[in-house]
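Inside the fold
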Amino acid sequence: MADEFDRKLMPGFMQTAFAVMLGMGYKSMDCLKDPMGTATKTVEEAKGLVEIPPDATGIEAKGKAIAGNLMAKGMEWMQGFQKAGEQFIDPAQ
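In this report, we go over the structure that sits alongside the text. (Residues numbered from 1 in each chain as written. Predicted model: local features only at pLDDT ≥ 70, side-chain atom pairs only at ≥ 80, totals over all residues. Heavy atoms only, no water.)

**Some thoughts on the side chain of Lys 73**
Condition: Secondary structure counts use DSSP, requiring at least four H or I residues in a row for a helix and at least two E residues in a row for a strand, with both numbered from the N terminus. A 1.4 Å probe rolled over the protein chains alone gives each residue an accessible area, and that area as a share of the maximum for its type sets the label: buried under 20%, exposed over 50%, partly exposed in between. Should any heavy atoms of two residues lie within 4.5 Å, those residues are counted as being in contact.
Of note, Lys 73 is situated in helix α3 (residues 59-89). Relative accessible area serves as the criterion here: at 18%, Lys 73 is assigned to the buried category. Here Lys 73 is in contact with Glu 45 and Leu 49, once residues within four sequence places are set aside.

**Things to note about the environment of Met 71**
Structurally, Met 71 can be placed in helix α3. Each C-alpha atom of the pair Met 71 and Leu 49 lies 9.4 Å from the other, and the pair is 22 residues apart in sequence.

**Quick look at the environment of Lys 27**
Position of Lys 27 relative to the elements: it lies in helix α1 (residues 4-31). On the basis of relative accessible area, Lys 27 is assigned to the partly exposed category, the value being 34%. In this structure, the C-alpha to C-alpha distance between Lys 27 and Phe 81, residues 54 residues apart in sequence, is 7.3 Å.

So, in C-alpha cells, the structure goes:
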C-alpha cells in the first residue's frame, strides 16, 4: 500500500519528467538546424566519455573512471533537457 508521502511526490516528479521530455524534443529539433556541427559536437562528447585519467591503474579503477564520466555527462544532459523544457512549461523562467 502506498504512503501518503508517495502521493505528494508524484506531481513534482511528473512535472519534472514532462519538462525533461519536452527539452529532449526541443534539443533534438534544434540539432537538425546544423547537422554537421551537431555531428562534430557529438563525436567530441563521445571521446570525453571514455577518457581515463593517467593515474587510473587496473581494470576496476578504469571502469570506475568511465562510469563516473557516464554519470556526470548523463546528469549534465538531463539538467540541460530539464532547463530547456521548463521554458515551455513556465515561460517566466
